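# Coordinate inspection notes
Residue strings, one per chain:
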Amino acid sequence: RGVTAQCIIELAKKVKCTFVIMGRAKITEDNADDEETSKITSLIEMKALLAKRFKATGSKVSLKDIEKKAKGILAQRDMLKTFDDIRATGNKVYYYSCDVSSKENMAKTMNTIRLKVGEVTGVVHGAGIIIDQKIYNKNMDNFKLVFDTKYKGINNILENLNKEKLKFLAMFSSVAGYFGNDGQCDYAAGNEYLDKYAYCLNKRYPNCKTLAINWGAWDGGMVDSTYRKTLKE
């Protein structure tokens, strides 16, 4: 979803290949659209509809559960649309749910991909999480969740590939890795790791074009309404 999805769809319009997409989300019946939900595009309206449904059935659920369910429906819809948009270009697409920061999970998933799809010859690493807090409020679990998605993510991917056959590697880094942002010491560190990793890989594997793109803030990516207002100011 978001920035990575937009870039991959544009890439699919320009090249003919097989796309293998990995993400944390699972495709489930629970988050499938129905006739009513499919007409709703905003999170507020989706939450209102779900709250009304739960109330009508007498189900006792928290506001947090309602929001989670609403976000799940909208997220799954976005994912399925991305797959459809890629297929519309005439390219094949496969999706695997996995945790990129888990060594065991990634080894198993990458082995499945190798057996069912074939050798991977190009990688776009666009995974990212933000949990912005001042450093004195951060805890190690949250720091690792943000940092490991970048750091362990790229290492777990490349450990399970034949790097000699890799033609390109594009990593989605951020200007936060260079300039730093308030509350983002973990995110900045993770992205700076990708920048240095790209430099090293270009030296070690000259046949593989390696790039760490230091994106600015994308509207529709990780930019929420509060951050959007701050950026505009």
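Bear in mind the structure is a predicted one, so any value in this text is a computation, not a measurement.

Scoring rules and cut-offs
Residues numbered from 1 in each chain as written. Predicted model: local features only at pLDDT ≥ 70, side-chain atom pairs only at ≥ 80, totals over all residues. Heavy atoms only, no water. pLDDT = per-residue confidence, 0-100. Helix = DSSP H or I, 4+ residues; strand = E, 2+ residues; numbered from the N terminus. Axes fitted to C-alpha atoms, helices over the stretch in contact; angles between N-to-C directions. Parallel < 35°, antiparallel > 145°, perpendicular 65-115°, else oblique. Left-handed = near helix turned anticlockwise from the far one by under 90°. Contact = heavy atoms within 4.5 Å. Expected span 1.5 Å × (residues − 1). Buried < 20%, exposed > 50% of the residue type's maximum accessible area, 1.4 Å probe, protein only.

### So, the confidence of the model for the protein
On average, residues of the protein score 91 in pLDDT, and 97% of them are at 70 or above. Taking the mean pLDDT of every element in the protein, the minimum, 73, falls on helix H8 (residues 225-232) and the maximum, 96, on strand S2 (residues 92-97).

### Digging into the packing of helix H5 (residues 140-159) against helix H7 (residues 185-204)
Two elements in contact, H5 and H7, have axes separated by 7 Å at closest approach and are oriented at 20°. Here H7 runs roughly parallel to H5, going by the angle between their axes. Crossing angle aside, the handedness with which H5 passes H7 is right-handed. Note on element contacts: H7 touches H5 through Cys 185, Asp 186, Tyr 187, Ala 189, Gly 190, Asn 191, Tyr 193, Leu 194, Tyr 197 and Leu 201, opposite Asn 142, Phe 143, Val 146, Phe 147, Lys 150, Tyr 151, Ile 154, Asn 155 and Leu 158.

### Let's talk about helix H3 (residues 63-87)
In this model, H3 (25 residues) spans 36 Å end to end at C-alpha, consistent with the 36 Å of a helix rising 1.5 Å per residue. When H3 is considered as a whole, its buried residues turn out to be Ile 66, Ala 70, Gly 72, Ile 73, Leu 74, Ala 75, Gln 76, Met 79, Thr 82, Phe 83 and Ile 86. The elements touched by buried residues of H3 are helix H1 (2-14), strand S1 (18-23), helix H2 (43-57) and S2.

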